[in-house]
Amino acid sequence: MEIFWFVLGGVVLVLLIAAVTIIVGKERTLPPAEPAPALPSAEPEAAHSAPDEPVVAPVATDLSVPEPVGSRLSRLRRRLSASNNPFARGLLSVLSADRLDAEAWEDLEATLIAADLGVGPTEELVSALRRELTIDGASEPEHVKQVLRAELLKLVDTPADRSLRVTGADGVPGIVLVVGVNGTGKTTTIGKLSRVLVAEGHSLVLAAADTFRAAAADQLQTWGSRVGVEVVRGSEGGDPASVAFDAVAKGIADGVDVVVVDTAGRLHTKAGLMDELGKIKRVIERKAAVTEVLLVIDATTGQNGLAQARVFTEVVDVTGIVLSKLDGSAKGGIVVPVQRELGVPVKLIGLGEGPDDLAPFDAEEFVDALLAQ
């Protein structure tokens, strides 16, 4: 009996030793404890922010280098040459005419009016040309060209300042508000303008205040990311004035040079939409003064652009005109009446579809391009 209890005790002891060995072995092979989950960063939080809270869109790392402003003007002559532009062809018809009789002058008048120069400016130009060429003669094409150039400059040039006002007072960013009707190329113009400003060494923020068209904000973000510019955008259908206000606030906080504000394309016949545009400007000016209001006009629309421009100048006090699509399809003469009737200078011209096809408007370059053969 004693042997039985002795054997049983030994078996129990062996079982206890085996159990302890197994437990210790498992503890040694267990993986280390997982670290505590990190708190969410500010960027994901912004992505899930409240619907009405503007979000700063990230910029891409593969940035493109904007073309220097000076070299853009070299393309002006090609885009506005007589072979492509009806305005230029009408002017240069004077040079190629064998004799300037009454019929030739009438043909010139009709061509210039059709090229959107307007009745008043056309009559002035033709009268001046007839007077000068009658006195000095029209036998020498080079002389006729010089007379044409001088008279055109009188129409196209203006004493108004064509420089962009992109500098604010007391260290506050300059605020550029860009307006225009649907289809004028306004958002594309802003994207190209951002490249111009970056090429000149300015820092900036873009405001996607066109909240009625989601594609507009996406398009603006694409333009901004290419040159390392942040874009403040809101939810689709949100308050555009709020987006503009927050973009200006961010621009002030970040110490940037310029804030460029995109707005929804508006029909100038819709009073409610125009009133909202005025509201955007008033809300922005709670933070900083608007230094520049650019009205984008499609140069191919001709005289119809004047009707648009008149209403916009009443609502937001336009300070400069951007003529987009001023390439081979545009007539070009609209430059003269839009400046004359509004008292607002053309400051920028869009020369084509390329990312750097936006250039400062220069009266002499414009006239020389029209007369280039």
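What you are looking at is a predicted structure, and each value in this text was computed from that prediction instead of being measured. (Residues numbered from 1 in each chain as written. Predicted model: local features only at pLDDT ≥ 70, side-chain atom pairs only at ≥ 80, totals over all residues. Heavy atoms only, no water.)

K.L.:
Before we move on, could you go through the overall build of the protein chain and cite the residues and values that matter?
P.N.:
A tally of regular secondary structure across the protein chain gives 15 helices and nine strands. Carbon and sulfur atoms make up 56% of the accessible area of the protein chain, which totals about 18,300 Å². (Helix = DSSP H or I, 4+ residues; strand = E, 2+ residues; numbered from the N terminus. Areas by Shrake-Rupley, 256 points an atom, 1.4 Å probe, with all protein chains shown as cover.)

K.L.:
Break down the pairing of strand β4 (residues 230–233) for me, citing the residues and quoting the values.
P.N.:
With four bridges connecting them, strand β3 (residues 204–208) and β4 associate as parallel partners. When the bridges of β4 are listed, V205 appears paired with E230. Assessed by its sense of winding, the connection that carries the chain from β3 through helix α10 (residues 214–226) to β4 is right-handed. (Pairing = 2+ DSSP bridges. Right-handed = clockwise from strand over helix to strand, strands pointing away.)

K.L.:
Which residues make up the layout of surface pockets, and what values do they have?
P.N.:
One number sums up the size of the largest pocket: a volume of about 230 Å³. Lining the largest pocket are 16 residues, and of these N182, D210, R213, A264 and G265 sit closest to its centre. At three residues, helix α9 (residues 186–199) tops the list of elements feeding residues into the lining of the largest pocket. Of the residues belonging to the lining of the largest pocket, the class tally is four nonpolar, eight polar and four charged. (1 Å grid on protein atoms, 1.4 Å probe; cavity = no way out; pocket = protein on both sides within 12 Å on 5 of 7 lines; lining within 4 Å. Points joined across faces, edges and corners; volume = space filled by probe spheres on them. Nonpolar A, V, L, I, M, F, W, Y, C, P; charged D, E, K, R; others polar.)

K.L.:
Can you lay out the environment of V316 for me, pointing to particular residues and giving the numbers?
P.N.:
Here V316 is to be found in helix α13 (residues 304–316). Sequence spacing of V316 and R282 is 34 residues, and the spatial spacing of their C-alpha atoms is 9.4 Å. Not counting residues within four places of it along the chain, the set of residues in contact with V316 comprises V179, L277, G278, K281 and V293. (Contact = heavy atoms within 4.5 Å.)

K.L.:
An account of the side chain of T263 is needed here, citing residue identities and associated values.
P.N.:
Structurally, T263 is set in the loop between β5 (258–262) and α12 (271–284). Only 2.8 Å separates the side chain of T263 from the backbone oxygen of V178, close enough to count as a polar contact. With residues near it in sequence (within four places) discarded, T263 still touches L177, V178, V179, K186, A209, D210, L277 and I280. (Polar contact = N/O pair within 3.5 Å; in protein donor to acceptor, adjacent residues only side chain to side chain.)

K.L.:
An account of the side chain of R162 is needed here, citing residue identities and associated values.
P.N.:
Relative to the helices and strands, R162 is located in the loop between α8 (141–156) and β2 (174–179). For R162, the side chain forms a polar contact with the side chain of Q339, separated by 2.7 Å. A distance of 2.7 Å separates a polar side-chain atom of R162 from the backbone oxygen of V346. Leave out the neighbours within four places in its chain, and R162 touches V156, D157, Q339, P345, V346, K347, F361 and A363.

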